[in-house]
Amino acid sequence: MIQDKKLKIGWFSFSCCEDNTVVFTELMNDHWQEWKKLFDFRHVRVLKSNNVLDDLDIAFIEGAIASDEHAARLKEIRVKSKKLVAIGACAVVGMPAAQRNYFNEKQKQEIEFLVARFQALPKVLKVSDVVKTDAEVGGCPMDPAKFLEMVNKLVAEFKK
Ligand code: SF4
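I will try to describe carefully the structure that is included in this document. These figures come from a predicted structure and were not determined experimentally. Think of each chain on its own: its residues are numbered from 1, step by step along the sequence as written. With pLDDT at 70 or above as the cut-off, local features in this predicted model cover only qualifying residues; side-chain atom pairs require 80 or more to be listed or tallied, and sums for whole chains, interfaces and linings still use all residues. Computation of side-chain values covers all heavy atoms of the structure but excludes hydrogens and water.

1. With respect to the overall build of the protein chain
Counting from the N terminus, the helices are the DSSP runs of H or I reaching at least four residues and the strands are the DSSP runs of E reaching at least two. Of the regular secondary structure elements, the protein chain holds five helices and seven strands. Listing every helix and strand of the protein chain by position from the N terminus yields β-α-β-β-β-α-β-α-α-β-β-α. The size measure is the radius of gyration over C-alpha atoms, and the globule rule it meets is 2.2 Å times the number of residues to the 0.38 power. Taken over C-alpha atoms, the radius of gyration comes to 16 Å for the protein chain, in line with the 15 Å a tight globule of 160 residues would show. With the C-alpha coordinates of the protein chain rotated into their principal frame, the extents come out at 55 × 30 × 30 Å. With 160 residues in all, the protein chain has 43% of them scored as buried. Here's how the labels work: a residue is buried when its accessible area is under 20% of the maximum for its type, exposed when over 50%, partly exposed in between, all with a 1.4 Å probe on protein chains only.

2. Side note on the environment of Val115
When you line up the elements, Val115 lands in helix α4 (residues 105-117). A contact between two residues is defined here by any heavy atoms of the two lying within 4.5 Å. With residues up to four places along the chain from it excluded, the contact list for Val115 reads Arg100, Ala120 and Leu121.

3. Quick word on the nonpolar core
Of all hydrophobic cores here, the largest spans 25 residues; its most connected members are Phe60, Phe147 and Met150. Going through the elements one at a time, β1 (7-13), α1 (19-38), β2 (39-44), β3 (56-62), β5 (81-87), β7 (135-137) and α5 (144-158) are the ones with two or more residues in this core. Looking at which element gives the most residues to this core, the answer is α5, with seven residues. Excluding its chain neighbours within four sequence positions, the residues that come into contact with Phe147 are Trp11, Phe24, Leu27, Trp35, Phe60, Ile87, Val137 and Met142. Residues Ala59, Ala71, Ala91 and Val130 belong to the second largest nonpolar core, which totals 17 residues. Definition of nonpolar core: a set of buried residues of the types Ala, Val, Leu, Ile, Met, Phe, Trp, Tyr and Cys, connected through side-chain atoms within 4.5 Å.

4. With respect to the sheet that holds β5
In space, the five strands of this open sheet follow the order β2-β1-β3-β5-β7, with parallel pairing throughout. This sheet does not close on itself; its edge strands, each paired only once, are β2 and β7. Shown here is a sheet whose adjacent strand axes are inclined to one another by a mean of 25°, direction ignored. Taken strand by strand, α1 contacts β1, β2, β3 and β5, and its axis lies near 150° from that of β2. Two strands qualify as a pair provided that DSSP identifies no fewer than 2 bridges between them. Orientation is described by axes fitted as lines to C-alpha atoms, over the contacting stretch for helices, and by angles from 0 to 180 degrees between their N-to-C directions.

5. Looking at a nonpolar patch on the surface
A patch consists of residues whose relative accessible area exceeds 30% and which take part in no salt bridge; residues with like charges are grouped when within 9 Å of each other, and nonpolar side chains (Val, Leu, Ile, Met, Phe, Trp, Tyr) when within 5 Å. Here the accessible surface of atoms and residues is derived via Shrake-Rupley with a 1.4 Å probe, and residues count as covered only by protein chains that are part of the display. A carboxyl oxygen of Asp or Glu within 4 Å of a side-chain nitrogen of Lys or Arg is what we treat as a salt bridge. A cluster of nonpolar side chains, namely Trp32, Val46 and Leu47, defines an oily patch on the protein surface of about 250 Å² accessible area. Within the fold, Val46 resides in the loop between β2 and β3.

6. Side note on the side chain of Asp57
Here Asp57 is to be found in strand β3. Classification of Asp57 as buried rests on a relative accessible area of 2%. Whenever a nitrogen or oxygen atom comes within 3.5 Å of another N or O atom, the pair is scored as a polar contact, on the condition that within protein one atom can donate a hydrogen and the other can accept it, and that pairs from neighbouring residues in sequence are kept only if both atoms are in side chains. A polar contact is formed between the side chain of Asp57 and the side chain of Lys82, at a distance of 3.0 Å.

Here it is, written out as structure tokens:
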């Protein structure tokens, strides 16, 4: 039970355009006063430069997983988080970040040197291909109303 304690949250971006982050920060315009009482922003790079990845209550993950390094980092976040939420289409279904999965042979050959240079996985993965997710908010970018609904639901669960 975390009755009066702030919930420790993290926001992490993998392969994507980070528009979900933009939506998240726009939501702050209306919810900052309420959220600063509710959340300890432990690891949110868009808000601060001093970030800590220790034990989180909720980790929000946007973007698809494109390399072993991404996968290892995501697994580390999973181990350190009570709840993990995939945010936006790239995290939930892989697309549109995973476009190269659908390239034809010629296109694949053309990007071969980039895949090698960035030590990328042969196929881009969605978050649930790598770790268990507890909730998902789809959309490209995420639907703010659905995000708020999910946040309120998780907060209520933690306060039980
Ligand atoms: S889901 Fe869409 S808006 Fe969100 S990161 Fe991916 S491409 Fe960008």
